[in-house]
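For reference, the chains in residue letters:
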Amino acid sequence: MSQPAPSSASPLVTSASGDLFARAQAVTPGGVNSPVRAFNAVGGTPRFIESARGPYLTDVDGNEYVDLVASWGPMLLGHAHPEVLGAVSEAVARGTSYGTPTRPEVELAEEIVARTPVEKVRLVSSGTEATMSAIRLARGFTGRELVVKFAGCYHGHVDSLLASAGSGLATFAVPGTPGVPAASTAATLVLPYNDTGAVEAVFEEHGDAIACVITEAAPGNMGVVPPAPAFNAFLAETCTRHGALFVSDEVMTGFRVTRSGQWGLDGAVEGWRPDLVTFGKVMGGGFPAAAFGGRADVMGMLSPEGPVYQAGTLSGNPVATTAGLATLRLATDEVYRHLDTTSLALQEEVGKAFRAAGLPHLVQSNGNMFSVFFVEEDVTAVPNFEVASTQNLERFKVFFHAMLEQGVYLPPSAFEAWFLSAAHDDRALDRVVAALPAAARAAAAVPATPEGAR
Ligand SMILES: Cc1ncc(COP(=O)(O)O)c(C=O)c1O
């Protein structure tokens, strides 16, 4: 963070984004193809992005932003990385989809198996497909139906996982959204994250009927809430003891927090292995590619080797797998060192600016992923969704827009991780750091949320 940062005094022009948003709303529900993009949590007009390069986004009005979303995680190397683009251009010139096996999908699967604890892997097109298929496979392998998940962990829009806790800890879940039949969540149990007692209680009551526990390997979808020390090891051991499978969802953390993912941070250290793992985001290099994999005996139950059906017209698509492969091959130890250092530096700058403004907050990190919780001073840790939900969302809204107006694109929700890339250099960071004090002061001016109304 060496160079002086440019200041941007005047509000950004957003008329072309506004026009596109109006047109989009006429033809698409909410004007977007995935809800969080609509800015509903922060208000205002979403920015329609025209292009991106390195750590920067440029919107249709010509405004440039330092990007701290990275397409919600995938863009580990930054946008439009020349070597990824080169590999993709060559792949596209050879045709875009054949519906046959291809070389890049074999090489991508080999790369995943080499970097992670999985022995065999099946490629799919989205993280949702990966978790949905992993659960079907866990049920098929164990011959059991119940699935345990944690409140605040997001695994995509799988019916059985869009579930809210029932009335008691060991009671079955209820649909988390209209459109999900009660029957789909009736075999799901939702527990508070990081709560070993709650896990023990459900296994005591339902242990011989539980097919799997699925958890974000380290949650990033309620803000960053790291697993308590040995929590993943405890889950793996509890599953094994009861004949259930441990499904570690690494869609967000996979290939992002280490060369493998969260397993490289705690699994390898604590000596446990997941039975099944789901991947997505980084492994697609900005294209729709995802995967699930794990123990060879479990994966052997999958069609056509075994009886559990799963398929996809565009699974293992040659362009998507080429982009993913190029990205993973470029994701060297040096990239992860850069991400760790940069993330730490930015976390410190956020803390400095917030303290100077007298803005109560908590920064939580897991490897190079981190988020800022707008909680009151008495909250010293956010271990689960219940505590994450005590955030002052009005302060976040004001902070978000003050950063946006100064050319910093943060996730438009208080419950999301901030993502960096290998392309975030001193110049990009200086721009973020320069924007922080004014945004922190603006947020600090918002009154504390009255108790009970949070
Ligand atoms: C941990 C986790 N699992 C699964 C998903 C679903 O992935 P997709 O959006 O590709 O369906 C996400 C998406 O954010 C995620 O963060």
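Below is a summary of the structure that appears in this document. (Residues numbered from 1 in each chain as written. Predicted model: local features only at pLDDT ≥ 70, side-chain atom pairs only at ≥ 80, totals over all residues. Heavy atoms only, no water.)

Time to look at the overall build of the protein. Counting its secondary structure elements, the protein contains 14 helices and 15 strands. A compact globule built from 454 residues would reach a C-alpha radius of gyration of about 22 Å, and the protein, at 22 Å, matches this within 12%. Across the 454 residues of the protein, 55% fall into the buried class. Taking all contacts inside the protein whose residues are at least 6 apart in sequence as the whole, residues at least 24 apart take part in 73%. Of the roughly 18,400 Å² of accessible surface on the protein, a fraction of 55% belongs to carbon and sulfur atoms. Each charge sign in the protein was given a centre, from 29 positive and 46 negative side chains, and these centres are 4 Å apart. (Helix = DSSP H or I, 4+ residues; strand = E, 2+ residues; numbered from the N terminus. Rg over C-alpha atoms; globule rule 2.2 N^0.38 Å. Buried < 20%, exposed > 50% of the residue type's maximum accessible area, 1.4 Å probe, protein only. Contact = heavy atoms within 4.5 Å. Areas by Shrake-Rupley, 256 points an atom, 1.4 Å probe, with all protein chains shown as cover. Lys, Arg positive; Asp, Glu negative; His and termini not counted. Charge placed at Lys NZ, Arg CZ, Asp CG, Glu CD.)

Below, the discussion takes up the sheet that holds strand E5 (residues 146-150). Read across the open sheet, the seven strands follow the order E4-E12-E11-E10-E9-E5-E8; overall the sheet is mixed. Bordering the open sheet on either side are strand E4 (120-124) and strand E8 (188-191), each of which pairs with just one other strand. With strand direction ignored, the average angle separating the axes of adjacent strands in the sheet is 20°. Sheet topology note: the E5/E8 ladder contains four bridges and is parallel. Each bridged residue has a counterpart across the sheet, and for valine 148 the counterpart in E8 is leucine 189. Against the sheet, helix H7 (residues 231-242) engages E5, strand E9 (210-216) and strand E10 (245-249), with an angle of about 150° to E10. (Pairing = 2+ DSSP bridges. Axes fitted to C-alpha atoms, helices over the stretch in contact; angles between N-to-C directions.)

Below, the discussion takes up the site of the ligand. Taken together, the residues surrounding the ligand are Ser126, Gly127, Thr128, Tyr154, His155, Gly156, Glu216, Asn221, Asp249, Val251, Met252 and Lys281. Backbone polar atom of glycine 127 to an oxygen atom of the ligand: 2.8 Å apart, as the coordinates give it. Take asparagine 221: an N or O atom from its side chain is 2.9 Å from an oxygen atom of the ligand. Burial of the ligand by the surrounding chains reaches 81%, relative to a free accessible area of 380 Å². A breakdown of the residues in the shell around the ligand according to their chemical character gives three nonpolar, six polar and three charged. (Near = heavy atom within 4 Å. Polar contact = N/O pair within 3.5 Å; in protein donor to acceptor, adjacent residues only side chain to side chain. Nonpolar A, V, L, I, M, F, W, Y, C, P; charged D, E, K, R; others polar.)

Okay, the side chain of threonine 238 next. Along the chain, threonine 238 turns up in helix H7. When its relative accessible area of 1% is taken as the criterion, threonine 238 is described as buried. Once residues within four sequence positions are removed from consideration, threonine 238 is found in contact with Val199 and Phe203.

A separate point is the nonpolar core. The biggest cluster of nonpolar side chains holds 99 residues, and the ones touching the most others in it are Ile112, Phe150, Met283, Phe354, Phe399 and Met403. Those residues in contact with phenylalanine 399 that sit more than four places away from it in its chain are Phe354, Phe374, Leu410, Trp418, Leu436, Ala439, Ala440 and Ala443. Residues Leu161, Cys212, Met299 and Leu302 belong to the second largest nonpolar core, which totals 20 residues. (Core = buried A, V, L, I, M, F, W, Y, C linked by side-chain atoms within 4.5 Å.)

Quick look at the packing of helix H11 (residues 333-357) against helix H14 (residues 426-444) now. Packing of H11 against H14 leaves a shortest axis separation of 8 Å and a crossing angle of 30°. Comparing their axes, H14 and H11 come out roughly parallel. Here the hand of the crossing between H11 and H14 comes out right-handed. Of the residues in H14, those touching H11 at Thr342, Leu346, Glu349, Val350, Ala353, Phe354 and Ala357 are Leu429, Val432, Val433, Leu436, Pro437, Ala440, Arg441 and Ala444. (Parallel < 35°, antiparallel > 145°, perpendicular 65-115°, else oblique. Left-handed = near helix turned anticlockwise from the far one by under 90°.)

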